[in-house]
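Understanding the architecture of this molecule
Letter by letter, the chains look like this.
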Amino acid sequence: YIGPGKYFVTSDVGRGRTQWYAFLALPPGTKSRASNREYLNDLFSKGKEGRWSEEVFKVLDATPEDAIEQRDLYDRPPSLLKSWSKGAVTMIGDAVHPMMPNLGQGGC
């Protein structure tokens, strides 16, 4: 589910379990609220786009409050001219081109 400055992703991971995450465009240093579930419920209930899909709220309601964590992610400019080697160690692959979790395409 995609909206202005935010999106919500759900994935069936088998055995009746769902993995989910919400991406929010927030200023650096924004801290978690007293209730992350309440904050997310409000965020996905209001706004120009109106109330989001009921699936979003079912997943939020089924998740224990203490299981909802905030993990800050940041984009950074590429370092094309920087060496990725130091001594006998060289970083290759995903280690040198970090990206948001939903952008990885694996072997596609």
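Residues numbered from 1 in each chain as written. Predicted model: local features only at pLDDT ≥ 70, side-chain atom pairs only at ≥ 80, totals over all residues. Heavy atoms only, no water.

A short note on the layout of surface pockets
To keep things clear, this is the line we draw: The way it works is a 1 Å grid over only the protein atoms, where trapped points that fit a 1.4 Å probe form a cavity and open points with protein on both sides within 12 Å along at least five of seven lines form a pocket, and then any residue with an atom within 4 Å of a point lines it. Grid points are joined across faces, edges and corners, and a volume is the space filled by probe spheres set on the points. Counting from the N terminus, the helices are the DSSP runs of H or I reaching at least four residues and the strands are the DSSP runs of E reaching at least two. Residue classes follow a fixed rule: Ala, Val, Leu, Ile, Met, Phe, Trp, Tyr, Cys and Pro count as nonpolar, while Asp, Glu, Lys and Arg count as charged, and any other residue, Gly among them, counts as polar.
By volume, the largest pocket amounts to about 990 Å³. Every residue lining the largest pocket is counted, 31 residues in all, and those nearest its centre are Ala 22, Phe 23, Glu 69, Gln 70 and Arg 71. Here the lining of the largest pocket gets 5 residues from one element, more than from any other, and that element is strand E3 (residues 17-24). Considering only residue class, the lining of the largest pocket consists of 18 nonpolar, 7 polar and 6 charged.

Here's the deal with helix H2 (residues 54-62)
What counts, and what does not: Note on classification: 1.4 Å probe, protein chains only; a residue is buried when its accessible area is under 20% of the maximum for its type, exposed when over 50%, partly exposed between these limits. Each direction from the helix axis to a C-beta atom contributes to the arc, which is the arc of those directions. Any two residues whose heavy atoms approach within 4.5 Å are treated as being in contact.
Looking at H2, one finds that the buried residues are Val 56, Phe 57, Val 59 and Leu 60. Within H2, the buried residues cover an arc of 160° as seen down the axis, which keeps them to one side. Projecting away from the buried face of H2 at angles above 90 degrees are the exposed residues Lys 58, Asp 61 and Ala 62. Contacts made by the buried residues of H2 are with strand E2 (6-14), E3 and helix H1 (36-45).

A short note on the nonpolar core
Spelled out, the test is: Among buried residues, the Ala, Val, Leu, Ile, Met, Phe, Trp, Tyr and Cys ones that are joined through side-chain atoms within 4.5 Å form a nonpolar core.
Counting 10 residues, the largest nonpolar core consists of Phe 8, Trp 20, Leu 40, Phe 44, Trp 52, Val 56, Phe 57, Val 59, Leu 60 and Ile 68. For this core, the elements supplying multiple residues, two or more each, are H1 and H2. The leading source of residues in this core is H2, at 4 residues. For Ile 68, the contacting residues outside a window of four places in its chain are Trp 20, Asn 36, Arg 37, Leu 40 and Thr 63.

Some words on the confidence of the model for the protein
As a reminder, the rule being used: pLDDT is a residue-level measure of predictor confidence that goes from 0 to 100.
Of the residues in the protein, 87% have a pLDDT of 70 or more, and the chain-wide mean is 84. Confidence scores differ between elements of the protein, with strand E1 (residues 2-3) showing the lowest mean pLDDT of 87 and H2 the highest of 94.

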